[in-house]
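The lines below spell out each chain.
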Amino acid sequence: MKVGTFKDFKEGCRDALPICLGYMAVSFAFGIEASKIGMSVFQAAMTSLLNVTSAGQFSALEIIARNGSFIELAILQFIINLRYMLMSCALSQKLDPELGTGHRMGISYGVTDEIFGVSVLRKGRLYPAYSYGLIVTSVFGWVLGTSLGAFSGQIMPERLISCLGLAIYGMFIAIIIPDTRTSKAVMAVVLSAMALSTVFTYAPILGTAISSGFRIIIITVVAAAAAAFLAPVSDENGGDKE
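Predicted, not measured: the structure shown is a model, and the values here were computed from it. (Residues numbered from 1 in each chain as written. Predicted model: local features only at pLDDT ≥ 70, side-chain atom pairs only at ≥ 80, totals over all residues. Heavy atoms only, no water.)

Participant: I keep staring at the overall build of the chain and nothing clicks. Help me out?
Facilitator: The secondary structure content of the chain amounts to 14 helices and zero strands. In the chain, buried positions account for 37% of the 242 residues. Of the contacts formed within the chain by residues at least 6 apart in sequence, a portion of 74% connects residues at least 24 apart. Approximately 13,800 Å² of the chain is accessible, and the part contributed by carbon and sulfur atoms is 70%. (Helix = DSSP H or I, 4+ residues; strand = E, 2+ residues; numbered from the N terminus. Buried < 20%, exposed > 50% of the residue type's maximum accessible area, 1.4 Å probe, protein only. Contact = heavy atoms within 4.5 Å. Areas by Shrake-Rupley, 256 points an atom, 1.4 Å probe, with all protein chains shown as cover.)

Written out as structure tokens, the structure is:
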């Protein structure tokens, strides 16, 4: 029972259905963007299968398109996906202390924002069988959506592809707008990131001396560090100190 039963696996698959459908929509946009830089359907699908991280994959496309360095790509992915380390630490508290390393690594593969949210809210012990159900169903939607998007990007007219490519920007706007309306700290982070991005893009020296990948790294670290220092989260109520 330490690993769970087939019933746990089926419950994981059931609970992951909404995630699967949502992932298909987002990953379809990623597939479109991947096809625009010349990636094949197989390459795009493998990228999604091996990464399972929307922000990381989208940010990597520009570096891949211009043949950027592996070091730049690795640092970018580390910074953007750093939150998954914290999520993994939280999930580990729900696992059996005697659970083997193999199962822990299997669960860690599928730690995403959505899967973490469902897993952490599950009452009682978190069994690997349940997590595997979540992961299999969710990743299936993520890879399928990517494949369909990449395939569509190869057969659809360029004008239609450009229109669909705007979907990713709409997705990110939909993510940040609700939080900016309720939290001054989040609003400050978004505005400061926008301001820094503008400076790094159009400043005479910074715009040419620093690649886009390292711009994202610098902006992310600076904005996050400033927010942590100026608006730390209160331990008592879990909200922002505003």
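Participant: Just checking my understanding: could you explain the nonpolar core for this structure?
Facilitator: Ala34, Phe58 and Leu61 are the most contacted members of the largest nonpolar core, which has 30 residues in total. The element contributing the most residues to this core is helix H9 (residues 128–155), with seven residues. (Core = buried A, V, L, I, M, F, W, Y, C linked by side-chain atoms within 4.5 Å.)

Participant: Sorry if this is basic, but what is going on with the environment of Leu50 here?
Facilitator: In this fold, Leu50 is placed in helix H3 (residues 41–51). Residue Leu50 is classed as exposed on the basis of its relative accessible area of 62%. Through-space distance from the C-alpha of Leu50 to that of Val143 is 9.7 Å; in sequence the pair is 93 residues apart.

Participant: Got a minute to help me understand the pattern of salt bridges in this structure?
Facilitator: Think of it this way: side chains of opposite charge can pair up when their charged atoms draw near. For the structure shown, the criterion picks out seven salt bridges. Residues Asp8 and Arg122 are paired through a salt bridge, measuring 3.6 Å at the closest nitrogen-oxygen approach. Placement of Asp8 in helix H1 (residues 6–15) and of Arg122 in the loop between helix H8 (113–121) and H9 is noted, with a sequence separation of 114 residues between them. Of the two residues examined, Asp8 and Arg122, each falls in the buried class. Taking the shortest distance from any N to any O, the salt bridge between Lys36 and Glu33 comes out at 3.6 Å. With Lys36 and Glu33 both in helix H2 (residues 17–36) and three residues apart, this pair spans about one turn of that helix. For Lys36, a relative accessible area of 41% gives the class partly exposed. Within this structure, Asp8, Glu11 and Arg122 form a network of salt bridges that share partners. (Salt bridge = Lys/Arg side-chain N within 4 Å of Asp/Glu carboxyl O.)

Participant: Would you mind going over a nonpolar patch on the surface with me for this structure?
Facilitator: There is a patch of nonpolar side chains on the surface, built from Ile71, Ile75, Phe214, Ile218 and Val222 and spanning about 390 Å² of accessible area. Of all elements in the fold, only helix H5 (70–80) and helix H14 (212–230) reach the threshold of two or more residues within the nonpolar patch. Here the nonpolar patch takes three residues from H14, the largest share from any one element. (Patch = residues over 30% accessible without salt bridge, like charges linked within 9 Å, V, L, I, M, F, W, Y side chains within 5 Å.)

Participant: Mind showing me how you'd approach the side chain of Ser138 here?
Facilitator: You can see Ser138 is positioned in helix H9. Note on Ser138: relative accessible area 0%, which makes it buried. Excluding residues within four positions of it along the chain, Ser138 makes contact with Ala16, Ile19, Cys20, Tyr23 and Ile115.

Participant: In this structure, what is going on with the packing of aromatic side chains? I would like to understand it.
Facilitator: Geometrically, a pair of aromatic rings is defined through the distance of the ring centres and the angle of the planes. Summed over all chains, the structure comprises three aromatic pairs. In this structure, Arg122 is placed above the aromatic ring of Tyr130, and the distance from its NZ or CZ to the ring centre is 3.8 Å. (Phe/Tyr/Trp six-rings, centres within 6.5 Å; stacked < 30°, edge-to-face > 60°. Lys NZ or Arg CZ within 6 Å of the ring centre and 35° of its normal.)

So, to be careful, I would describe these as geometric facts and stop short of saying anything about function.
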